[in-house]
Amino acid sequence: MRGCERCSLRSTLPCLSRYCSQPLSGFERGIGYPEAKTKAGPETTSEKECCCACAADASCNGWTLNEGNKCFLKQDAGPTFAVPSKTAVSGLMPPRPPP
């Protein structure tokens, strides 16, 4: 499929490269979304893998990767939930195309 790639997650979920490319997803170093609804994502050291896990989950609109290699998928992340965090990297997903 054009515009897609495989992530290196264990489950090899398809990953839309446009969602997980740094310039478009707007990776934010030093920002976390601790108050947003959260569910656990994969253990990874890769911001791109965390983003890919979010892209593969229809309920995810943002993600945070912390220093403990924990990826957290956020259901209602956004600027109002952003807080400074020296150890986190986060990103927001662009609007998803309709199914």
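Residues numbered from 1 in each chain as written. Predicted model: local features only at pLDDT ≥ 70, side-chain atom pairs only at ≥ 80, totals over all residues. Heavy atoms only, no water.

Enquirer: Let's hear about the nonpolar core: which residues, and what values?
Expert: Of all hydrophobic cores here, the largest spans 15 residues; its most connected members are C51, C54, W63, L73 and M93. Those elements that provide at least two residues to this core are α3 (47-55), β5 (62-65) and β6 (70-74). It is α3 that contributes the most residues to this core, 6 residues altogether. (Core = buried A, V, L, I, M, F, W, Y, C linked by side-chain atoms within 4.5 Å. Buried < 20%, exposed > 50% of the residue type's maximum accessible area, 1.4 Å probe, protein only. Helix = DSSP H or I, 4+ residues; strand = E, 2+ residues; numbered from the N terminus.)

Enquirer: Pulling in residues and values, what's your account of the state of the cysteines?
Expert: Counted according to the given criterion, the structure contains 2 disulfides. Disulfide pairing is shown between C50 and C71; the S-S distance is 2.0 Å. Between C50 and C71, the disulfide has an S-S torsion of 85° and is therefore right-handed. On the criterion of sequence distance, the pair formed by C50 in helix α3 and C71 in strand β6 is long-range, its members being 21 residues apart. C71 matches C50 in its accessibility class, with the two residues each being buried. Covalent S-S linkage joins C54 and C60, the inter-sulfur distance amounting to 2.0 Å. Residues C54 and C60 are joined by a disulfide whose S-S torsion is about -100°; by sign, that bridge is left-handed. (Disulfide = S-S within 2.5 Å.)

Enquirer: I'd like a rundown of the packing of aromatic side chains, residues and numbers included.
Expert: Inspection of the entire model under this criterion finds 1 aromatic pair. A ring pair is formed by F27 and W63, whose centres lie 5.1 Å apart and whose planes are at 85°; its orientation type is edge-to-face. Note that F27 is positioned in the loop between α2 (22-25) and β3 (28-32) and W63 in strand β5, a separation of 36 residues in sequence. Like F27, the residue W63 is buried in the burial classification. (Phe/Tyr/Trp six-rings, centres within 6.5 Å; stacked < 30°, edge-to-face > 60°.)

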